[in-house]
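Structural overview for review
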Amino acid sequence: MKLLRVARLCTALLLGAVATIASASSADEIRVSHAWLRILPGALPAGGYATLHNQGDQPAALTGASSDVYAQVMLHQSSVAGGTNRMRMVHAMSVPARGNAQLAPGGYHLMLEQPRHPVRPGDVVRLTLTFADGSTRAADFVARPANAIDAGDTHSEPAIVTKPQPTDHTQHVD
Amino acid sequence: MLEAMNTIRPRFAPARRLRLLLWLSLAALLTLGGCQRSPLPLRLTNISGHMPDLDFTLTDDSGKAVTGADYRGKVVLLYFGYTHCPDVCPLTLAQLHVVMQRLGAQADGARILFVSVDPARDTPPVLKAYVNAFDKRAIGLTGTPRAVEALSKRYRSAFTREPGGTDDSYAVSHSSAIYVFDRAGHARVLATPSASHDDLVHDLHLLLDDGATP
């Protein structure tokens, strides 16, 4: 009798878990890698970069970020048109289902302003990423020197990304 | 051409003679102008003769008044930007640093001139700390808005303060080009931030070798 009750409980828990997976939030499905900050001297704004992997079947969108260390964090996009470089605030960067999107130099990036204390290369700064569905997740960004060209964990020749290139590992319909 | 000259006979009609004379003068001019030195096999956009020589009156990052003539003898990489630009300006300067590293000891013959298009916020000390964080051969330049605009216009570059920002926080759209000048201050190469490091290193080698031993 007791055993039956335990089995029932387990089933309920399992069903609950399945239900949670089925309605997983963006934050649950996004993995963050190569996260780094470009630290400029003084209190100049820093640039934040990372690769977002969406493991879910639903497209996700990054809408912003916040941090205890920086008073203001904004999602920006750099672009070059007609030889002129522009930077503008954007409301979201989409991450395709089962695909990737990059916050990369020359493209989408986070602009972090007004550090509350000096951040030095080698420090780790925790940011809270916010997604379009309201979910959030924490990610650790490694502070790198001004003249860094990438997260420092690869040795590949860096490429300037002028627009985000969703590179997917599996099938993905545009 | 010499053969043609030998066949000239005084019996030619005056009009035809004049025409021949004109052609010969043109050929002589071309020889003088074009073949004085063979053109360098530059890989990036060659702007030799299409842009004016390096000339400006600005303030360097140690607060000293400088002109274009102060950088004669150096190969100059001129780039417009501003320190509150957290993405593309640092990216470009970081890439120029990589290029300078690849030039090795020869890089001492080159200077990166980072001209601020935001002179209101970019004081010499701010600029100095900024450019030094990228490369020790980089120099920050600032000046009156009029002087900065004059230099920018000289190279058909433009910059605009973007509307919508507050007094302390605003973005400046600006040209992404890198202008390269030879040791004599002549404009030679136009590069974009997406230019390959190999091509930039190649062209800088040519310009640094050229005129290194006068």
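Up top is the structure.
Keep in mind that what you see is a predicted model, and the values were worked out from it rather than measured.

Each helix and strand counted, chain B has 6 helices and 10 strands in total. Counting only contacts in chain B whose residues sit at least 6 apart along the sequence, the fraction spanning at least 24 positions is 72%.

It is worth spelling out the nonpolar core at this point. Core analysis: the biggest nonpolar cluster contains 89 residues, and B:L77, B:L113, B:F114 and B:V180 have the highest contact counts within it. Element by element, the count of residues in this core is highest for helix α3 (residues 88–103) of chain B, at 8 residues.

Residues and elements named next belong to chain A. One ladder, built from 7 bridges, connects strand β1 (residues 30–38) with strand β2 (residues 46–54); its direction is antiparallel. Looking at the pairing, I30 lines up with N54 of β2. In terms of strand pairing, β1 meets strand β10 (residues 136–144) through 3 bridges, oriented parallel. The residue bridging R38 from the neighbouring strand is R144, located in β10.

This paragraph deals with the sheet that holds strand β5 (residues 110–116) of chain B. Residue and element names in this part refer to chain B. Taken in spatial order, the 8 strands make up an open sheet running β1-β10-β9-β4-β5-β6-β2-β3, and their pairing is mixed. Unpaired on one side and paired on the other, β1 (45–46) and β3 (65–67) mark the two borders of the sheet. Pairing of strand β9 (residues 178–181) with strand β10 (residues 187–191), which is carried by 4 bridges, proceeds in the antiparallel orientation. Paired with Y179 across the bridge in β10 is L190. Here α3 sits on the sheet and contacts β4 (75–81), β5 and β6 (138–142); the angle it forms with β5, its principal contact strand, is near 170°. Contacts between helix α4 (residues 124–132) and the sheet are confined to β2 (57–60), β5 and β6, with β6 contributing the most and set at about 155° to the helix.

In this section: the pairing of β4(B). Two faces belong to every sheet, and in a regular strand the side chains alternate between them. All names here are of chain B. Across the 7 residues of β4, 7 count as buried, placing the element largely inside the fold. Neither face of β4 is left uncovered, since the one carrying V75, L77, Y79 and G81 and the one carrying V76, L78 and F80 both have all their residues buried. Two elements, β4 and β5, share 7 bridges in a ladder whose sense is parallel. If you follow G81 over to β5, its bridge partner there is S116. Each parallel crossover has a hand, and for β4 linked through α3 to β5 it is right-handed. Across 4 bridges, β4 lies against β9 in antiparallel orientation. By the bridge assignment for β9, L78 is matched with Y179.

Here the focus is unusual backbone geometry. All names here are of chain A. The phi dihedral of R98 falls on the positive side, at around 55°, and the residue is not glycine. Examined against the element boundaries, R98 turns out to sit in the loop between β6 (93–95) and β7 (100–103). Residue R98 is classed as buried on the basis of its C-beta count, with 20 C-beta atoms lying within 10 Å.

What counts, and at which threshold
Residues numbered from 1 in each chain as written. Chains lettered and ligands numbered in written order. Predicted model: local features only at pLDDT ≥ 70, side-chain atom pairs only at ≥ 80, totals over all residues. Helix = DSSP H or I, 4+ residues; strand = E, 2+ residues; numbered from the N terminus. Contact = placed C-beta atoms within 7 Å. Core = buried A, V, L, I, M, F, W, Y, C linked by C-beta atoms within 7 Å. Buried ≥ 20, exposed ≤ 12 C-beta atoms within 10 Å, placed from the backbone. Pairing = 2+ DSSP bridges. Axes fitted to C-alpha atoms, helices over the stretch in contact; angles between N-to-C directions. Right-handed = clockwise from strand over helix to strand, strands pointing away.

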